[in-house]
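Observations on chain architecture
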Amino acid sequence: MKTIRMGILGCGPRGMQMARITKLLPEFYTLTCMSDMNETALEEAGKAFPDIRLFRSSDELLDSGLADAVITEVPPDVHMEYVAKALDRNLHVLGEIPAVNSIEEGQFLWEKVNSSKALYMAGSNPNYREKTRLLYNLAQQNKIGKVAYIETEYIHDSTGMKDAWRKEYEACRYCTHSLAPILKLIGSELRTVCCMSTYDRLKNGHRHNAMSALYSTKDNLVVRLLTAFAIPYSGPPHTTKIYAEKGVLELYNDKARVWLPEDLSPEVPQVYEEIIFGTDFTYRPADLKIIDEDLFRQAHYGHNGSDLFMMMDFADAVLNNKPSPIGVKEALMMTLPGIYAAESAREGGALKTIRYPWD
Ligand SMILES: NC(=O)c1ccc[n+]([C@@H]2O[C@H](COP(=O)([O-])OP(=O)(O)OC[C@H]3O[C@@H](n4cnc5c(N)ncnc54)[C@H](O)[C@@H]3O)[C@@H](O)[C@H]2O)c1
């Protein structure tokens, strides 16, 4: 296989964004086909990519023989269904996150991926953000020490947005963006959770304006996670504050603030070092014809360029027969906690024990 023939399921905003990313990486990908049952979405895909095949049904795309790999850019409640269908056809999958929609699906995906010859990678772009790489580098150099407590937030005011799925979704299930980067740092599963919802207090038509979950590991590391899709906020910010043995780290979309002093005595002033992230978003393959320059720039720029790095890693694993960069265990470690959090919220904040298929 010289380049991966890529099919994308779903022509919504995210499917279109990922399609543009494949076009930015012609050395790895040839975008061959996309699917959507929505005529308007299909039409937009046809306009942006006149040289690909369009399908009204994802099953037809999967059976077409036109793709070696697919990305599942469909709503979260059907991510797992199409990952499983693709693996059944020996197609490699970059599976959108959250990886599954229920505890039972978690068990099913675990077994499916472990018995498949094709590669499954969780499409966890936050793992490829510059701030995540900074975090891992510091941890590797033993500069952070033992972590005591983490606060992390994903606030995305989607009240005026096209993304239909966010309106009904229990926001706490969208925990993957915040949990994936820190789980690698924590090194163990989250084991208990309680969560509460504001419901639609602001009466803006979203089922939950904001949801706040409190998690802990077996050895009492505590994580507070706020996910909010319907409160006024300019962003969308992903923020993480890590309180550790050797100091404090604050991670934002475009910068980090780090206080990891040699001397922790109280009389030494708490001075933070600020690290600004800057990625070059001007890169374009020389012969790429771009019809919608602004959208391409957004795709490239979106998520601080992390999509591009994630897609390179997926291609490297598929083309060079390497293990999945983000496998099914990591996918479930970042997804299942949110499903238990939603259960807790439905029961008014009841404490839940989180179980995993490998327990
Ligand atoms: N990783 C990230 O940073 C990130 C960012 C945004 C969205 N997402 C994920 O991407 C997914 C899609 O997001 P979106 O904003 O484009 O959502 P969306 O709901 O706006 O669009 C989804 C599209 O999929 C289509 N669709 C539904 N079922 C389908 C099927 N079986 N086959 C083919 N198409 C189908 C819909 O008609 C719609 O056009 C979401 O599930 C979300 O989890 C991830």
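Residues numbered from 1 in each chain as written. Predicted model: local features only at pLDDT ≥ 70, side-chain atom pairs only at ≥ 80, totals over all residues.

Points about the sheet that holds strand β4 (residues 69–72)
The test is simple: Any two strands between which DSSP finds at least two bridges are classified as paired. Strands are runs of DSSP state E lasting at least two residues, helices are runs of H or I lasting at least four, and both sets are numbered from the N terminus onward. Throughout, an axis means a line fitted to C-alpha atoms (over the contacting stretch in the case of helices), and angles, computed between N-to-C directions, take values from 0 to 180 degrees. Residue pairs qualify as contacts under a 7 Å threshold applied to their C-beta atoms, which are placed from the backbone.
In spatial order, the strands read β3-β2-β1-β4-β5-β6; together these six strands make up an open sheet with parallel pairing. A strand with exactly one partner marks an edge of an open sheet, and here the two such strands are β3 (53–55) and β6 (120–122). This sheet shows a mean twist of 25 degrees between the axes of neighbouring strands, independent of strand direction. Each of β1 (4–9), β2 (29–35), β4, β5 (92–95) and β6 touches helix α9 (residues 306–319); the most contacted strand, β1, lies at about 130 degrees to it.

A word on the packing of helix α7 (residues 176–186) against helix α10 (residues 328–346)
Formally: In what follows, roughly perpendicular refers to angles from 65 to 115 degrees, roughly parallel to angles under 35, roughly antiparallel to angles over 145, and oblique to any angle outside these ranges. Each crossing gets its handedness from the near helix: less than a right angle anticlockwise from the far helix is left-handed, clockwise is right-handed. Charged residues are taken to be Asp, Glu, Lys and Arg, nonpolar residues to be Ala, Val, Leu, Ile, Met, Phe, Trp, Tyr, Cys and Pro, and polar residues to be all remaining types, Gly included.
For the pair α7 and α10, the least separation of the axes is 9 Å and the interaxial angle reads 135 degrees. Considered as vectors, α7 and α10 are oriented oblique to each other. Our pair here, α7 against α10, has a crossing hand that is right-handed. Where α7 approaches α10, its residues Thr176, Leu179, Ala180 and Leu183 are matched on the opposing element by Met333, Met334, Thr335 and Pro337. Classifying every residue of the contact of α7 with α10 gives six nonpolar, two polar and no charged.

A look at the sheet that holds strand β14 (residues 273–276)
Taken together, nine strands build an open sheet; the order of strands is β14-β13-β12-β11-β7-β10-β9-β8-β15 and the sheet is mixed. Strand pairing shows two members of the sheet lacking a second neighbour, β14 and β15 (352–353), which therefore form its edges. With four bridges joining them, strand β13 (residues 255–259) and β14 adopt antiparallel strand pairing. What sits directly across from arginine 257, in β14, is glutamate 274. Lying over the sheet, helix α6 (residues 130–140) contacts β12 (247–251), β13 and β14, oriented at roughly 160 degrees with respect to β12. Along the sheet, α7 contacts β7 (147–155), β9 (210–217), β10 (222–228) and β11 (238–244); its crossing angle with β7, the most-contacted strand, is approximately 160 degrees.

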